[in-house]
Amino acid sequence: MASNNKEKDTKYSDQSTDVSLSKSDLNRMAWRSLFLQASFNYERMQAAGWLFSMAPALEKIHKKKEDLVKSLKMHMEFFNTHPFLVTFIMGIIAAMEEKKNDIETIRGIKVATMGPLGGIGDALFWLTLLPISAGIGASLAIEGSIAGPIVFLIMFNIVHFVLRFGLMHYGYKTGVKSIAKLKENTKKVSKAASIVGLSVVGALIASYINLKTTLVINAGEASVALQTDVLDKTMPKMLPLGYALLMYWLLKKGWSPLKLIGITVIIGVGGKYLGIL
């Protein structure tokens, strides 16, 4: 008897599948996904934003109040993934809700997809797209062009919005079939994006961290310029690399970005005052 009640709790009472989501429904959900982290908290992470984004589909699909309540409660559970790729999961889940799949199955797909997409999104956006677009925009801004920030915003958001809306429709059309493809290509995509992103970050360190020393070591009649005669001949841009690695190490040790900014300002001002930078 208890098992029957449990099975009943995981199924919707209305099993009709005559409702289909339109393109405008999917686009509305994609627009709402921009607010995914508007109610971010450390108990359920993005759950409130996820439910807000899914609400138009759930309200259209579930005509019975009891089914809608079940769905809303399930979708208020813990959820956390990359905010730019969340629409892919939303499309899959919307298709599953439309077909009135078992609630436990829907929950399982949510949990199975949010982790891999979080990793892919970090590699794709924060380690690849952001450094590339910001680097191009910054290089224009350094030259005095007002187009710098505009180019950065256009480049970044073209990719962002194409993926946000495209993945919503793709996830809905492919449904659970796309899960297998995701599992197959997660590692490859993440690795490739990480390699490209780290290469770009390395180039940005060499190009945009301007750290040189004017220190000259005098030994009798000989004078050795530490920067040009020692560091540059050993490895060009050694100081920028060393400083970037130091900041990275301190971040890993739990230092806040504000402290690191303060340290950088102090080193810059102090080094200039002492005549060694």
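Here the structure is a predicted model, which is why all the values come from computation and not from measurement. (Residues numbered from 1 in each chain as written. Predicted model: local features only at pLDDT ≥ 70, side-chain atom pairs only at ≥ 80, totals over all residues. Heavy atoms only, no water.)

Asks: Please clarify how the packing of aromatic side chains should be interpreted in this entry.
Replies: Pairs of aromatic rings are described using the distance from one ring centre to the other and the angle between the two planes. In the structure shown here, the tally under the stated rule is 13 aromatic pairs. Between F84 and F156, the aromatic rings sit 5.8 Å apart at their centres with planes inclined by 65°, giving edge-to-face as the arrangement. Linking F84 in the loop between α4 (65–75) and α5 (86–98) with F156 in helix α7 (residues 147–174), this pair joins segments that are 72 residues apart in sequence. For the pair formed by F84 and F156, the shared burial category is buried. Lying over the aromatic face of F52, R32 brings its terminal NZ or CZ to 4.1 Å of the ring centre. One Lys or Arg, K259, reaches over the ring of W255 and ends 5.9 Å from the middle of that ring. (Phe/Tyr/Trp six-rings, centres within 6.5 Å; stacked < 30°, edge-to-face > 60°. Helix = DSSP H or I, 4+ residues; strand = E, 2+ residues; numbered from the N terminus. Buried < 20%, exposed > 50% of the residue type's maximum accessible area, 1.4 Å probe, protein only. Lys NZ or Arg CZ within 6 Å of the ring centre and 35° of its normal.)

Asks: When you look at helix α2 (residues 23–32) in this model, what are you seeing that I'm missing?
Replies: Along an α-helix, a turn takes 3.6 residues, which lines up residues three or four apart on a common side. Within α2, burial applies to D25, L26, M29, A30 and R32. All buried residues of α2 fall inside an arc of 165° around its axis, so they share one side. Relative to its buried face, α2 has exposed residues pointing more than 90 degrees away, namely K23 and S24. Looking at the buried residues of α2, the elements they touch are α3 (47–61), α5 and α7. (Arc of directions from axis to C-beta. Contact = heavy atoms within 4.5 Å.)

Asks: Sorry if this is basic, but what is going on with the pattern of salt bridges here?
Replies: Pairing between side chains of opposite charge can happen when their charged atoms approach one another. Considering all chains together, one arrives at five salt bridges under this definition. Across the pair D25 and K60 runs a salt bridge, and its minimum N-O distance is 2.6 Å. Of the two residues, D25 sits in helix α2 while K60 sits in helix α3, which places them 35 residues apart along the sequence. The partner of R44 in a salt bridge is E43, and the shortest N-O contact between them spans 3.9 Å. Take R44: its relative accessible area is 34%, and that puts it in the partly exposed class. The class for E43 is exposed, based on a relative accessible area of 60%. Overlapping salt bridges bring together E77, E104 and R107 as one network. (Salt bridge = Lys/Arg side-chain N within 4 Å of Asp/Glu carboxyl O.)

Asks: Would you mind showing me how to read unusual backbone geometry here?
Replies: In most cases, non-glycine residues show a negative phi, while peptide bonds are predominantly trans. For M45, which is not glycine, the phi torsion reads 55° and is therefore positive. Among the structural elements, M45 can be located in the loop between α2 and α3. The buried category is assigned to M45, whose relative accessible area is 16%. In the Ramachandran plot, K237 falls in the positive-phi region, its phi being about 65° despite a non-glycine side chain. Looking at the element boundaries, K237 is found in the loop between α9 (226–234) and α10 (238–252).

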